[in-house]
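# Structural overview
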Amino acid sequence: MTAVVPTPAKPARRRNEKGEAVQGRRARKSATHFDPNPARAGWFARIVLTVLCLLWLTPILGTLITSFRPLRDAENTGWWTALVGENAFQGFTFDNYKEAWNGADMAGAFVNSLAIALPATVIPILIAAFAAYAFTFMRFPGRDALFLVIVSLLVIPNFVAFVPLLRIYGDLGINGTFPAVWLAHIGFGMSLAVYILRSYMVTLPGTVIESAKIDGASHFQTFWRLVLPMSMPALASFAILQFLWVWNDLLVALVFIGPGENEPVTVSLTSLRGQLGQGWNLTTAGGFITMVLPIFVFLTMQRFFVRGLTAGAVKG
């Protein structure tokens with residue numbers, strides 16, 4: 001009679017106090033730098049990200065250091081010499097910021113930029129919100145074709161319209177005024193606004209809209225009381241993009257306003273440099289002055305920005 005040798009049982013997998021299986025050494029080795037899961041990226045991905053961040057921040061750091069250096073030091077030595085050696089961090093001054101603020105009339109330029117950026121941000125949002133609602137919840141002939149035409153305008157560069165716009169504004173007598181630059185920014189930003197808002201409204205629950213129709217609500221009531229409040233993340237996302245674009249714009253401001261009493265901060269910065277290029281240390285200081293408000297706007301509204309841009313990326 002043959003004896004049956006029992007097969008040794010496989011050792012039970014160790015479990016933690018929550019009852020979950022504890023990964024062994026072999027499983028832990030999978031979290032290397034070749035791991036496709038970014039949450040468990042290894043040293044290689046961290047090194048690459050660190051190098052990219054340093055390359056991105058190096059010009060900004062150089063500009064910041066130059067804004068605190070006198071013109072003589074900035075012209076004779078590189079900005080990195082201010083960080084090493086015996087004379088490191090010496091000679092820094094706030095005179096560049098004072099001269100840039102007073103020499104370029106930054107206070108008036110700030111007011112002009114706000115007078116340009118706020119209407120050029122609010123007006124496209126209001127118009128695009130109505131259009132996005134119509135493209136999403138209303139049925140009419142040619143709806144999809146018209147939406148494709150509007151979105152296709154995103155690929156057209158805005159400077160191709162400068163000459164005809166200048167002629168039209170000249171006939172109307174509004175060249176060099178705020179309405180001229182308002183209309184230009186509104187027209188150039190409308191396609192992106194309609195696209196972002198319509199993409200967000202598609203993700204809204206249709207049962208809410210159907211319930212409003214059953215209750216007898218009109219399209220305007222549905223839009224104003226339901227769709228618009230639920231679309232606040234998308235509205236805030238486009239508001240940030242449009243505000244930063246208009247605030248940092250130089251080309252449209254030079255073409256339709258130019259230097260003068262209505263010049264924004266971007267045009268005002270160009271006056272800090274002379275014909276021979278002198279005064280560029282003041283330009284660096286003035287550049288950081290103009291960055292204060294856009295950074296504040298982005299930091300205060302960044303949570304809406306992320307929610308609005310990622311809406312609809314994952315359904316369920």
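That block above? That's the structure.
Report on the accompanying structure.

Criteria and thresholds
Residues numbered from 1 in each chain as written. Predicted model: local features only at pLDDT ≥ 70, side-chain atom pairs only at ≥ 80, totals over all residues. Heavy atoms only, no water. Helix = DSSP H or I, 4+ residues; strand = E, 2+ residues; numbered from the N terminus. Contact = heavy atoms within 4.5 Å. Core = buried A, V, L, I, M, F, W, Y, C linked by side-chain atoms within 4.5 Å. Buried < 20%, exposed > 50% of the residue type's maximum accessible area, 1.4 Å probe, protein only. Polar contact = N/O pair within 3.5 Å; in protein donor to acceptor, adjacent residues only side chain to side chain. Salt bridge = Lys/Arg side-chain N within 4 Å of Asp/Glu carboxyl O. Phe/Tyr/Trp six-rings, centres within 6.5 Å; stacked < 30°, edge-to-face > 60°. Lys NZ or Arg CZ within 6 Å of the ring centre and 35° of its normal.

### What to know about the side chain of Ser 67
Here Ser 67 lies in helix α2 (residues 43-67). Apart from residues lying up to four places away in sequence, Ser 67 is in contact with Thr 93, Asn 96, Tyr 97, Asn 281, Thr 284, Ala 285 and Phe 288.

### Section: the nonpolar core
In this structure, Tyr 97, Phe 110, Ile 116, Tyr 169, Trp 247, Val 252 and Phe 256 are the most contacted members of the largest nonpolar core, which totals 31 residues. For this core, the secondary-structure elements that each account for two or more residues are α4 (95-103), α5 (106-137), α7 (162-172), α8 (178-201), α11 (232-247), α12 (251-256), α13 (265-270) and α14 (280-290). Top contributing element to this core by residue count: α5, with six residues. In contact with Phe 110, not counting residues within four places along its chain, are Trp 101, Trp 247, Val 265, Ile 289, Thr 290 and Leu 293. Grouped together as the second largest cluster of nonpolar side chains are 25 residues, Ile 125, Ala 132, Phe 147 and Leu 228 included.

### Some details on the side chain of Thr 93
Checked against the element boundaries, Thr 93 lands in the loop between α3 (71-76) and α4. Residue classification places Thr 93 among the buried residues on the basis of a relative accessible area of 18%. There is a polar contact of 3.1 Å between the side chain of Thr 93 and the backbone nitrogen of Asp 95.

### A closer look at the pattern of salt bridges
Across all of its chains, the model carries one salt bridge by this definition. A salt bridge links Arg 143 to Asp 144; the shortest N-O distance between them is 3.6 Å. Take Arg 143: its relative accessible area is 13%, and that puts it in the buried class.

### A closer look at the environment of Ile 156
You can see Ile 156 is positioned in the loop between α6 (143-152) and α7. For the pair Ile 156 and Phe 188, spaced 32 residues apart in sequence, the C-alpha to C-alpha distance is 9.5 Å.

### Section: the packing of aromatic side chains
Using the criterion set out here, one finds 19 aromatic pairs in the structure. Pairing Trp 101 with Phe 110 gives two aromatic rings, centres 6.1 Å apart and planes at 45°, and the pair type is tilted. With a relative accessible area of 37%, Trp 101 lands in the partly exposed category. Taken together, the ring pairs in this structure connect Phe 68, Phe 92, Phe 94 and Tyr 97 into an aromatic cluster. Against the face of Phe 147 rests Arg 198, its NZ or CZ located 4.6 Å from the ring centre.

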